[in-house]
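Residue-level structural notes
Listed below are the residues making up each chain.
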Amino acid sequence: MALVKNIEFHAHGYNDFIERVLPELDVICNETLADPEGHFQIAIMEAVNNAAQYSLAGLTKADVDIKMSIRDMDIKVSVSSETKEFDVKRFCDEIKALGKDKQWQRKTFGEFKGTRLSGRGIWLMLEACEYLYIDVEDKTVTMCVSYPLPKKLITQNIGVLSERLFLSENGVIY
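Here we summarise the structure given alongside this text.

This paragraph deals with the overall build of the protein. Counting secondary structure elements, the protein contains six helices and seven strands. Walking the protein from its N terminus toward its C terminus, one meets helices and strands in the order β-α-α-β-β-α-α-α-β-β-α-β-β. For the protein, whose C-alpha radius of gyration is 16 Å, the value lies close to the compact-globule estimate of 16 Å for 174 residues. Along the first, second and third principal axes, the C-alpha atoms of the protein reach 40 × 35 × 35 Å.

Looking now at helix α3 (residues 88–100). Its 13 residues give α3 an end-to-end C-alpha distance of 19 Å, which sits within 8% of 18 Å, the value for a rise of 1.5 Å per residue. Within α3 the residues assigned to the buried category are Val88, Cys92, Ile95, Leu98 and Gly99. The buried side chains of α3 occupy one side of the element, clustering within an arc of 120 degrees when seen end-on. Facing away from the buried side of α3 by over 90 degrees, the exposed positions are Asp93 and Lys100.

Over its 15 residues, helix α2 (residues 39–53) extends 21 Å from the first C-alpha to the last, a length consistent with the 21 Å expected when each residue adds 1.5 Å. Counting buried positions along α2 gives 11 out of 15 residues, so the element sits mostly inside the fold. Those residues of α2 not exposed but buried are His39, Phe40, Gln41, Ala43, Ile44, Glu46, Ala47, Val48, Asn49, Ala51 and Ala52. Against the buried residues of α2 lie α1 (14–33), β2 (63–71), β3 (74–81), α5 (121–127) and β5 (140–146).

Before going further, it helps to spend a moment on the pattern of salt bridges. In total, this model carries seven salt bridges according to the counting rule given. A salt bridge links Glu85 to Lys139, with the nearest nitrogen and oxygen atoms 3.3 Å apart. Residue Glu85 is found in the loop between β3 and α3, and its partner Lys139 is found in the loop between β4 (131–135) and β5; the two are separated by 54 residues along the sequence. The class of Glu85 is exposed, set by a relative accessible area of 74%. Between Arg90 and Asp87 there is a salt bridge whose closest N-O contact spans 4.0 Å. Asp87 gets classed as partly exposed once you look at its relative accessible area, which sits at 41%. When salt bridges that share partners are traced, they join Asp87, Arg90 and Glu94 into one network.

Right, let's get into the environment of Lys5. Within the element layout of this structure, Lys5 appears in strand β1 (residues 3–12). Taking the C-alpha atoms as reference points, Lys5 and Met68, 63 residues apart in sequence, are found 8.1 Å from one another. Aside from chain neighbours lying at most four places away, what touches Lys5 is Met68, Ser69 and Ile70.

Here we come to the packing of α1 against α2. Packing of α1 against α2 leaves a shortest axis separation of 10 Å and a crossing angle of 155 degrees. Judged by the angle between their axes, α1 and α2 are roughly antiparallel. Crossing of α1 over α2 shows right-handed handedness. On α2, the residues touching Tyr14, Phe17, Ile18, Leu22, Leu25, Asp26, Cys29, Asn30 and Leu33 of α1 are Phe40, Gln41, Ile44, Met45, Val48, Asn49 and Ala52. Looking at the contact of α1 with α2 residue by residue, the classes come out as 12 nonpolar, three polar and one charged.

What counts, and where the lines are drawn
- Residues numbered from 1 in each chain as written.
- Predicted model: local features only at pLDDT ≥ 70, side-chain atom pairs only at ≥ 80, totals over all residues.
- Heavy atoms only, no water.
- Helix = DSSP H or I, 4+ residues; strand = E, 2+ residues; numbered from the N terminus.
- Rg over C-alpha atoms; globule rule 2.2 N^0.38 Å.
- Expected span 1.5 Å × (residues − 1).
- Buried < 20%, exposed > 50% of the residue type's maximum accessible area, 1.4 Å probe, protein only.
- Arc of directions from axis to C-beta.
- Contact = heavy atoms within 4.5 Å.
- Salt bridge = Lys/Arg side-chain N within 4 Å of Asp/Glu carboxyl O.
- Axes fitted to C-alpha atoms, helices over the stretch in contact; angles between N-to-C directions.
- Parallel < 35°, antiparallel > 145°, perpendicular 65-115°, else oblique.
- Left-handed = near helix turned anticlockwise from the far one by under 90°.
- Nonpolar A, V, L, I, M, F, W, Y, C, P; charged D, E, K, R; others polar.

So this is what it looks like as structure tokens:
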């Protein structure tokens, strides 16, 4: 695959992202993905929201970097920020275990989360990605999807979504 385009954005706080960066990302995603419901844009918004919300600088002052690579048939978006400490390995293990749990694997993340709003961001990211990996060291979330966006991709099934989550460490995705 030939690299078509690399695009980088920097947002200073979540409001800056919403007001300045998101409109540009929307145009790029709408032109590329053929996703009228905006699932991938929501995934990006959730990643940026998490990066800003858990930033050491706080939601309104967080420095968030967004890197987008558009290739012949796929898009990769990485979102990073200097965030509070977080046990990424444990978090990933919990989601993987949930996906294998016979009680939960066929249910939706909405059923698992109930009416709680917190904690739904990762599920919304996974819903719109073919795979997502979180770097253990540099606090970066990377979402990958082919385009046009496969219609069968969109699901809220915990068993399916948990299989899309990976970790990255020292350049190795596992």
